[in-house]
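Below, each chain spelled out in residue letters.
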Amino acid sequence: MRADIAPGGIFPDYELPDQESVPRRLSEIQGDDPLILTLARGHYCPKEHQQHLELAANYPKINVSYTKIATISTDTHHTSQEFRNSVGAQWPFLEDPGRIVQKDLDIQEYTDPELVIHSIYNGYWFWGRPSFADLWRDLREVTREIRPDWDLATPGLREAWDSGDLSAFHGWGKRAAAKAET
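Residues numbered from 1 in each chain as written. Predicted model: local features only at pLDDT ≥ 70, side-chain atom pairs only at ≥ 80, totals over all residues. Heavy atoms only, no water.

Draft legend 1. Highlighting the nonpolar core. Counting residues in hydrophobic clusters, the biggest one holds eleven residues: Ala 40, Leu 55, Ala 56, Tyr 59, Ile 62, Ile 69, Phe 83, Val 87, Ala 89, Trp 91 and Phe 93. Beyond its immediate chain neighbours, meaning those up to four positions away, Ala 40 contacts Glu 48, His 52, Thr 71, Ile 72, Ser 73, Thr 74 and Phe 83. (Core = buried A, V, L, I, M, F, W, Y, C linked by side-chain atoms within 4.5 Å. Buried < 20%, exposed > 50% of the residue type's maximum accessible area, 1.4 Å probe, protein only. Contact = heavy atoms within 4.5 Å.)

Draft legend 2. A look at the sheet that holds strand β4 (residues 68-73). In spatial order, the strands read β3-β4-β5; together these three strands make up an open sheet with parallel pairing. The strands lining the two open edges of the sheet, one partner per strand, are β3 (35-40) and β5 (93-95). Taking the axes of each pair of neighbouring strands and ignoring which way they run, one obtains an average angle of 20 degrees across the sheet. Note: β3 against β4, six bridges, orientation parallel. Bridge assignment links Leu 39 to a residue of β4, and that residue is Ile 72. Running over the sheet, helix α2 (residues 46-57) touches β3, β4 and β5 and is turned about 160 degrees from β3. Docked against the sheet, helix α4 (residues 77-87) engages β3, β4 and β5, running at close to 165 degrees with respect to β5. (Pairing = 2+ DSSP bridges. Helix = DSSP H or I, 4+ residues; strand = E, 2+ residues; numbered from the N terminus. Axes fitted to C-alpha atoms, helices over the stretch in contact; angles between N-to-C directions.)

Draft legend 3. Fine view of the pattern of salt bridges. In the structure shown here, the tally under the stated rule is eleven salt bridges. Across the salt bridge formed by Asp 4 and Arg 2, the nearest N and O atoms sit 2.9 Å from each other. Its relative accessible area of 41% is what places Asp 4 among the partly exposed residues. The partner of Arg 24 in a salt bridge is Asp 18, and the shortest N-O contact between them spans 3.2 Å. Taking the relative accessible area as the measure of exposure, Asp 18 reaches 3% and is therefore buried. (Salt bridge = Lys/Arg side-chain N within 4 Å of Asp/Glu carboxyl O.)

Draft legend 4. Representation of unusual backbone geometry in the model. Of note, the phi angle at Ser 21 is positive, near 65 degrees, even though the residue is not glycine. Tracing the sequence through the fold places Ser 21 in the loop between β1 (15-17) and β2 (23-25). Not every positive phi belongs to a glycine, and Arg 99 is a case in point at roughly 55 degrees. Mapped onto the elements of the fold, Arg 99 is located in the loop between β5 and α5 (100-104). What makes Arg 99 partly exposed here is its relative accessible area of 30%.

Draft legend 5. Fine view of the side chain of Arg 84. By the element assignment, Arg 84 lies in helix α4. One buried charged residue, Arg 84, remains without a salt bridge, the closest side chain of opposite sign being Glu 20 at 5.8 Å. In terms of polar contacts, Arg 84 uses its side chain to reach the backbone carbonyl oxygen of Trp 91, at 2.8 Å. Among all residues touching Arg 84, those that are not within four sequence positions of it are Gln 19, Ala 89, Gln 90, Trp 91 and Phe 93. (Lys, Arg positive; Asp, Glu negative; His and termini not counted. Polar contact = N/O pair within 3.5 Å; in protein donor to acceptor, adjacent residues only side chain to side chain.)

Draft legend 6. Up close: the packing of aromatic side chains. Tallying each qualifying case throughout the model produces six aromatic pairs. Between Phe 83 and Phe 93 the ring centres are 5.3 Å apart and the planes differ by 85 degrees, which places this aromatic pair in the edge-to-face class. Here the residue Phe 83 occupies a position in helix α4, and Phe 93 occupies one in strand β5, the gap between them amounting to ten residues. One exposure class covers both Phe 83 and Phe 93, and it is buried. Following the ring pairs from residue to residue traces out a cluster consisting of Tyr 59, Phe 83, Trp 91 and Phe 93. (Phe/Tyr/Trp six-rings, centres within 6.5 Å; stacked < 30°, edge-to-face > 60°.)

Right, dumping it as structure tokens:
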């Protein structure tokens, strides 16, 4: 990702068509409120569906806390509408099938056997069971520990990707090795 896209930086004010084909600027959607902006890979991704279902489930709280949401999706118009409707979103889905934002921000997508115990929960008592928030926090830490590509700004990762060394990228190292064998 571009170096200027970091906490404290200024995000570009993209203008893209929304689910009704109306051109919308991010600044117009945000107004004077905080904005949750998701850059969605598309309707086909089950991870996107889960994230958007959770945002939709919490939308009443987000809305009353004077916070806006916008999604920029790489889907075409009708697919974007279907994605928005399928998750029950009440916020704008901006359409970017040409991946203008992805290219402008220089976003490269890196897609995804050891069994190691990281946490133990006492499930005998109800309150000993992990909440979803507990699991989320624990899994964030576990994933940060086990994935060398957790922070794509880590020095050397971009250079490794560009040189074809995919060993540090989850799922890609095995694909590269299998491709080399064929």
